[in-house]
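Below are the chains, spelled out letter by letter.
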Amino acid sequence: MNGDDPRIELSGERRQVTALFYDIVGSTEMLERSDPEDFSNIVSVFHRTAMAIIQENNGYLHQELGDGGCSYFGYPMQFEDAAEKAVRAALALVERCGRPRKGREPGVKLRVGVATGMVVISADGREIIGTAPVLAARLQAEAHPNSIFVSDSTYQLTRGSFEYGFIKHARLKGFSEPVPLWQVSGTRSGQDRFSISRRPEAPLQGRSAELGVLRRAWGKACSGRGHSLVIVGDGGIGKSRLVAELRREIGMNNSGEERVLQCHLRLTNRPLHPLLNYLETLLGSEALIERDASAFCDRLAAIGISVSKEIARPLVAFAAAKTRQATGYLQSSDKSARRFREQVIAAAAELLFVFADSKPQLLVFEDVHWADSMTSELIDRLSEGCRNRAMLIVATSRRLAAGNDDRERFSTTVRLSGLTAGAMTDLLVSLWKGPLPAGLAQFILDKSDGVPLFAEELAMFLQRRAAAGTTAADWNNLLNKSGITSLNDLLSARLSDVGNTRRTAQLASVIGREFGMSFLTRLLGPEKAVDNTDAELTELVAHGILETKTSAQGTIYRFRHSLLQEAAYASLLRTDCRQMHTRIAGLLTGGESTGMAHELAAWHCAQAGMHLDAAAYATKAAEACMIRSAMSEADTLLTMAEEQLARVSKRQKKTELQLDVLELRGVVSAALSGEGSQQTRRIYERALSIYRKQGGGDPGRRFALYWGWWFTAPNVTAQRARAQTLLNDMGEAQDPEVRLQSFHCAWATNFNAAQHEFCLSCVAKGLELYDAGRALRNRTIYGGHDAKVCGLGEKALSLSFMEDLPGSERAIKACLSAAEETDHVGSLLHALYYAVVQGRCQGRHDDVLRLTNRMKDLADRHSMAASRAKADMFGGWAEALSGSFEAGIRRFHEGLGLQEKIGTDDNISIQLDMQSELLERAGLRAEALNALERGVAESVKGGQFFWLPELYRRRAKLRAADGANPAATRRDLKRAYDMAFKQGAFALAKRAQSDLRDLEAGSTAR
């Protein structure tokens, strides 16, 4: 264990949770009257629906039990309103699972049981022991069809939010006393609950060991030995308070500078949102939308920070990412998006490191459980790079990352648990006016479970009520009469003391944790005087509910704790909440400039019931994520867009937006699941089906769908047929680039299918449409390479097969020259690969070795793994057959291993032939023959016929060397000759004809 790490590993924990058990009513009868396969489908859909509902309500599906299941709320994540979430999930289960299926078949009926209680959870989370799960199971068995029975403890915790009816006292198995049964019938209009913070001056108690860890880490950082740590604990446990104490000490000693980057719940799908928001606050939003690296550097210089344009360029390009056509296309060969992502993260880290050049830096990432994936990668890079710098990186999180990610990411992990009895007493003595009543510290410790925020609020609640009494019974009576059972209730009670001002806090919470006066004023409308709003905000700051900070845009108001904003938002009535979201959405869709992120705009529109607008904003946000190579975030946003589109009424036109979503979804799926995955293929098939049914208009507008549909075809045969569809449909397209790319698809596919004459015809017609200006933009869209380079390369190969060697040489030289002119890495690698394949097919080992060495160097410099794999396979083959056999074999297998790892095998027939040659040279003829057999089978199956005659010829020769029947050898050679001749591949036909003559000559001699 790290000497600075105060962690104690425990074997388990005690925690209050709410258990929910459910099962299908009459499942046996359903099985008897249904086909087993149909029943299995019903149960599978049911389980998926149940899982979705449980997760939507922050529950944890612990186990599926045949036709039912059990879940927990309040574990693994702890919530003050876990019982309420469980009951909401139960109501949703009964309602959604009971809906008719496919519009005709009835839904399923359920029995549900819910119970709350203390349990013991094993360290690995597999065992949860206590009365709550047992009682929930018993209640579920007692429940009527389509009803929910809850325990008395759950009822007491949630009776303010739901309508209940008492059923009876029942004797349940395993329980000595009769148990009261309550049946929930629906939600009720809850009482208003409002948000409030701890007092700003609340002292830090019981954290001396943890604060010592931070102090020692800061001391190391100040001496140039940077450090990173994460503080982990439940909401309200004091993570930010602990960091604030360190920040206070640094400010008092003037020993360094602090920078806080805040992660936000509603922006988890916005890449690098904590950094972008920080820079906007520091420099102004204009600094991030100008795309001007010089201006960005000037703004930093104005506040005393000097950075190079090399750091600034990727950051301003990233921050100002705009929607562009390229995002709708597969980019299979061009890995620039990933490289751009890496450049941005590297530049962001370097920018933050620059701060430490002049003074030690405390860099705080708050609430990293809401961090997007790029922010997580940035923290990784900072943690690795800070070790020799004057920088301390501190992250706060409500939970550890999956596996050991946080232990690997941070040097130290500090876990915060509830305060001890002694620390609780010290805290209350510092807060209480006058002598502390006997027994109060233990009472508050028991009620709050040692959570400081809860304890402070409870102490202040009791103190504000002078008639609270002096005993635990008195205090319990007051809490029961006031309906206080959770931190939310305490915050509500405290806020009620500020009168009508609480309404402003509630409405502000709809905007988010941070907001500006200008936006709040616009939101409240002209009927709310600016002076009144300003006065109310000042009062909320005075009461410790809000705090202020200065930014380049002016004063920003901020809820002191994320729990305060969450509680204030949850306290609004649904009608009021929707009204506020509708106002915000109205500002957004009305064209007013709000500066709001598209991710947040989508959420507001969704909450307002403006589903088409929500889908549009989510789509824009997803596209920006794709430009920034944040594919996981884009995937989540596109899922949101699809969910919102599903809720759009039939009267609204949504097809165009639906096609936009599918265009992007195809690219994201290709990035996350693979270009050849069934999921990606189905997305494009569905999209094109929708588009072609719609009909009308210029098909070139949706060429991205056609391109993806063509690219993801399952084999060359299907791809060739789709290429013909592209040629047919795009023949009248207005955009000449679209027509060119249709020919691009056709020549690539028809070469693979050994249709050399048609391939050359497509190249000639396509290149007539080529324009160097358009190519500058489109080469990164269509396959990641320049169309002219590709066309000349295919022409060189087809002419080589057709035995026009001078024409082939001219074409490959033109191909390489064109690639050099583009100054585009993907295009140059593409041209080199054509030259390599040409040399391989003609047996020119030295040329192949020279070309693959250049290809390898270029691929390594630009992290192009697929090109590196090809260079090693072809280069290894050439080296093994012309130089060092052992070195060549090693290189070939390194390339093969890399190709298998990244999942590319676009030239499987030639690759297996090369492998067969190497095996034959090693004396492993049986293995060599097996490789050829595989090559033949794969070529026939996939429709890749251009090298198939050569595979037949080589198989015949290997069989002959093994003493096979001459008739079988002759059949293979005859097949190779006939096929090559029919293809017009006269170079291959001559090889087969020569071997046939040798075979006949040998037979005659015998």
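Numbers given for residues are sequential positions, taken from 1 along each chain in its written order. Per-residue local features of the predicted model are confined to residues with pLDDT of at least 70, and side-chain atom pairs are confined, for both listing and counting, to 80 or more; whole-chain, interface and lining totals are unaffected and use all residues. Side-chain figures throughout are based on the complete set of non-hydrogen atoms in the structure, without hydrogens or water.

The name given to the protein in an unreviewed UniProt entry is AAA family ATPase, and the organism recorded there is Mesorhizobium zhangyense.

Draft legend 1. Structural context of the overall build of the protein. If you tally the helices and strands in the protein, you get 44 helices and 16 strands. Should any heavy atoms of two residues lie within 4.5 Å, those residues are considered in contact. Here the analysis covers contacts within the protein between residues at least 6 apart in sequence; of these, 69% occur between residues at least 24 apart. All accessible-area figures derive from a Shrake-Rupley calculation using a 1.4 Å probe, and residue coverage is judged against the displayed protein chains alone. Counting only carbon and sulfur atoms, one obtains 48% of the accessible surface of the protein, whose full area is about 43,400 Å². Going along the chain from the N terminus, every DSSP run of H or I of four or more residues is numbered as a helix, and every run of E of two or more is numbered as a strand.

Draft legend 2. Representation of the nonpolar core within the structure. Counting 199 residues, the largest nonpolar core has Phe 296, Leu 351, Phe 365, Leu 378, Leu 382, Phe 515 and Trp 747 as its most contacted members. Residue ranges assigned to the domains are those given by an automatic or database domain assignment. Residues from two domains meet in this core; each of domain 2 (207–415) and domain 4 (726–840) gives at least three. Apart from residues no more than four positions distant in its own chain, Phe 365 is found in contact with Leu 261, Thr 375, Leu 378, Ile 379, Leu 382, Ile 393, Val 394, Ala 395 and Thr 396. We call a set of buried Ala, Val, Leu, Ile, Met, Phe, Trp, Tyr and Cys residues a nonpolar core when their side-chain atoms join them within 4.5 Å. Partly exposed residues are those whose accessible area sits between 20% and 50% of the maximum for their type, while under 20% is buried and over 50% is exposed, using a 1.4 Å probe and protein chains only. Counting 46 residues, the second largest nonpolar core, distinct from the first, contains Ala 423, Leu 427, Leu 428 and Leu 478.

Draft legend 3. Geometry of the pattern of salt bridges. Any carboxyl oxygen of Asp or Glu that lies within 4 Å of a side-chain nitrogen of Lys or Arg is treated as forming a salt bridge with it. Within the structure shown, the criterion is met by 45 salt bridges. Here Glu 245 makes a salt bridge to Arg 248, at a shortest N to O gap of 2.4 Å. Placement of the pair is Glu 245 and Arg 248 together in helix 7 (residues 239–253), with a separation of 3 residues, close to one helical turn. Its relative accessible area of 10% is what places Glu 245 among the buried residues. For Arg 248, a relative accessible area of 41% translates into the label partly exposed. We note a salt bridge from Arg 692 to Asp 729, for which the minimum N-O separation is 3.0 Å. Note that Arg 692 is positioned in helix 28 (residues 678–694) and Asp 729 in helix 30 (residues 716–729), a separation of 37 residues in sequence.

Draft legend 4. Broad picture of the pairing of strand 12 (residues 391–397). In terms of residue burial, strand 12 counts as a mostly covered element, since 7 of its 7 residues are buried. Pairing geometry for strand 9 (residues 227–232) and strand 12, over 6 bridges, is parallel. Its bridge partner being in strand 12, Leu 229 is matched across the sheet by Val 394. As judged from the 5 bridges shared by strand 11 (residues 361–366) and strand 12, these two strands associate in the parallel manner. Among the inter-strand pairings, Gln 361 is bridged to a residue of strand 12, identified as Met 391. A crossover gets the label right-handed when its path from the first strand over the helix to the second runs clockwise, viewed with the strands pointing away from the viewer. On the question of chirality, the crossover connecting strand 11 to the parallel strand 12 by way of helix 12 (residues 373–385) is right-handed. DSSP bridges decide pairing: two strands pair if at least two such bridges lie between them.

Draft legend 5. Geometry of the environment of Leu 829. Along the chain, Leu 829 turns up in helix 36 (residues 825–841). Distance in space between the C-alpha atoms of Leu 829 and His 785 is 8.7 Å, their sequence separation being 44 residues. Once residues lying within four places of it in the same chain are set aside, the contact partners of Leu 829 are Met 855, Leu 858, Ala 859, Met 864 and Ser 867.

Draft legend 6. Structural view of the sheet that holds strand 12. An order of 10-11-12-9-13 is seen for the 5 strands of this open sheet, with the pairing classed as parallel. Two strands close off the open sheet at either side, each with one partner strand: strand 10 (257–262) and strand 13 (412–415). Shown here is a sheet whose adjacent strand axes are inclined to one another by a mean of 20 degrees, direction ignored. Under this scheme, a helix contributes an axis fitted over its contacting stretch, all axes are lines through C-alpha atoms, and angles between N-to-C directions fall in the 0 to 180 degree range.

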